[in-house]
Amino acid sequence: MKVADCGFVQININKYENQMILRTIFVILCLAGIVSNRACAQDVALKTNALYWMTTTTNAAAEMALSNRTTLELSVAYNPWTFKDNKKLRFLLVQPEARYWMCEKFEGHFVGFHAHAAQFYSTLAHRRRDGYLAGAGFSYGYDWILKPNLNLEAELGVGYAHLWYKESDCIPCIKKFERKHKNYVGPTRAAVSLVYFF
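Predicted, not measured: the structure shown is a model, and the values here were computed from it. Per-chain numbering applies: the sequence of each chain, read as written, is numbered from 1 onward. Restriction of local features to residues with pLDDT of at least 70 applies here, the model being predicted, together with a cutoff of 80 or more for giving and counting side-chain atom pairs; totals for whole chains, interfaces and linings are based on all residues. Working from all heavy atoms in the structure, the side-chain values ignore hydrogens and water.

Draft legend 1. Expanded view of the overall build of the protein. When its secondary structure is counted, the protein shows two helices and nine strands. What counts as a helix is a DSSP run of H or I of at least four residues, what counts as a strand is a run of E of at least two, and both are numbered from the N terminus. Along the chain direction, N to C, the helices and strands of the protein fall in the order α-β-α-β-β-β-β-β-β-β-β. Each residue is placed in one exposure class: buried if its accessible area under a 1.4 Å probe, protein chains only, is under 20% of its type's maximum, exposed if it is over 50%, and partly exposed if it falls in between. Per-residue burial for the protein yields a buried fraction of 40% across its 198 residues. It only takes one pair of heavy atoms within 4.5 Å for two residues to be counted as in contact. Once local pairs closer than 6 in sequence are excluded, the contacts in the protein between residues at least 24 apart make up 60%. Here the Shrake-Rupley method, with its probe set to 1.4 Å, supplies the accessible areas, and only the displayed protein chains count as covering residues. Split by element, the accessible area of the protein, about 10,900 Å² in all, is 68% carbon and sulfur.

Below is the structure:
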């Protein structure tokens, strides 16, 4: 069964996709503005998470130094794809993070506090879920210097997320749904990122 079989549902999916695309473009333009306004040596970095790419999720992040030991990062991840048998796990995730570096910014150990907010739409396990999540967590990571303006970064974070969404069977044209809420505690951030400095 395809969700797209029903004209009513197809309109909602297209509206959702357009909103996700516009939000992603807006966030990327904001990131570009931050980079162009603050581009000083080793003060601004652009990065991408290889773990997200392994799940076909496009992503980018910008990180800006606030002092010699603190930085602020804004990461965005977007997955618009439809997989085999009309399976979907579409989402737009935004995760800002404040970091404290043990030695010096962009080098060695760091700890962070991150927040996360996302809009998602999935058709997994024969159920359609359309909703949002928000939460926060703590992370630990390490940054290796590869070249003067290229680093490799690994990070793992745990935290809390509250999800609220509509759930229904994956049946074409269905208009009946349940409103659900869930609380999640566990991993909220995982990254192996390439970091480029301006």
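That was the structure; now back to the text.
Draft legend 2. Structural detail: the pattern of salt bridges. Only one rule defines a salt bridge in this text: a Lys or Arg side-chain nitrogen within 4 Å of an Asp or Glu carboxyl oxygen. Counting across every chain of the model gives 16 salt bridges. Across the pair Lys-105 and Asp-43 runs a salt bridge, and its minimum N-O distance is 3.1 Å. Taken together, the residues span a long stretch of sequence, with Lys-105 in the loop between β5 (87-101) and β6 (108-122) and Asp-43 in the loop between α1 (7-38) and β1 (44-49) at a distance of 62 residues. Given a relative accessible area of 17%, Lys-105 falls into the buried group. Asp-43 gets classed as buried once you look at its relative accessible area, which sits at 16%. Here Glu-153 and Lys-47 are joined by a salt bridge, their closest N and O atoms 3.1 Å apart. With a gap of 106 residues between them, Glu-153 in strand β8 (residues 150-169) and Lys-47 in strand β1 connect regions that are remote in the sequence. We classify Glu-153 as buried; its relative accessible area is 1%. Classification of Lys-47 as buried rests on a relative accessible area of 7%. Beyond isolated ion pairs, a larger network of salt bridges with shared partners links Lys-47, Glu-63, Glu-73, Glu-97, Arg-99, Glu-153, Glu-155 and Arg-189.

Draft legend 3. Looking closely at empty space enclosed by the protein. A pocket, in this scheme, is an open set of points on a 1 Å grid over the protein atoms alone with protein on both sides within 12 Å along at least 5 of 7 lines, while a cavity is a set where a 1.4 Å probe fits but cannot get out; residues line either one if an atom lies within 4 Å of a point. Grid points are joined across faces, edges and corners, and a volume is the space filled by probe spheres set on the points. All told, the structure shown has one cavity of 30 Å³ or more when counted by the stated rule. If you go around the largest cavity, you meet 18 residues; those closest to its centre are Asn-49, Glu-73, Ser-75, Arg-189 and Ala-191. Residue assignment for the lining of the largest cavity shows that the elements contributing at least two residues are β1, β2 (58-65), β3 (70-79), β5, β8 and β9 (178-197). Considering every element that reaches the lining of the largest cavity, the biggest residue donor is β9, with four residues. In the scheme used here, Gly and all other residues not listed as nonpolar or charged are polar, with Ala, Val, Leu, Ile, Met, Phe, Trp, Tyr, Cys and Pro taken as nonpolar and Asp, Glu, Lys and Arg as charged. Here the residues of the lining of the largest cavity are counted per class, giving six nonpolar, six polar and six charged.

Draft legend 4. Here's a closer look at a nonpolar patch on the surface. Residues Tyr-100, Met-102, Val-111 and Tyr-140 make up a contiguous nonpolar surface patch of roughly 350 Å² in combined accessible area. Judged by its relative accessible area of 35%, Tyr-100 falls in the partly exposed class. Residues forming no salt bridge and having over 30% relative accessible area are the ones grouped into patches, like charges within 9 Å of each other and nonpolar side chains (Val, Leu, Ile, Met, Phe, Trp, Tyr) within 5 Å.

Draft legend 5. Summary view of the packing of aromatic side chains. The rule is short: rings of Phe, Tyr and Trp, with Trp giving its six-membered ring, pair when the centres are within 6.5 Å, and they are stacked under 30 degrees, edge-to-face over 60, tilted in between. Counted according to the given criterion, the structure contains eight aromatic pairs. Aromatic pair Tyr-132 and Trp-164: ring centres 5.9 Å apart, planes at 25 degrees, arrangement stacked. Here Trp-164 lies in strand β8 and Tyr-132 lies in strand β7 (residues 127-147), a separation of 32 residues in the sequence. Given a relative accessible area of 37%, Tyr-132 falls into the partly exposed group. An aromatic cluster of at least three residues, connected via ring pairs, comprises Trp-101, Phe-106, Phe-110 and Phe-197.

Draft legend 6. Highlighting the environment of Val-76. As for its position among the elements, Val-76 is in strand β3. Along the backbone, Val-76 and Pro-96 are 20 residues apart, and their C-alpha atoms lie at a distance of 8.7 Å.

Draft legend 7. Seen up close, the pairing of β1. Two elements, β1 and β2, share four bridges in a ladder whose sense is antiparallel. Bridge pairing links Ala-45 to Glu-63 in β2. A pair of strands is considered paired only if DSSP assigns at least 2 bridges between the two. Alignment of β1 against β9, held across five bridges, turns out to be antiparallel. Paired with Asn-49 across the strands is Ser-193, a residue of β9.

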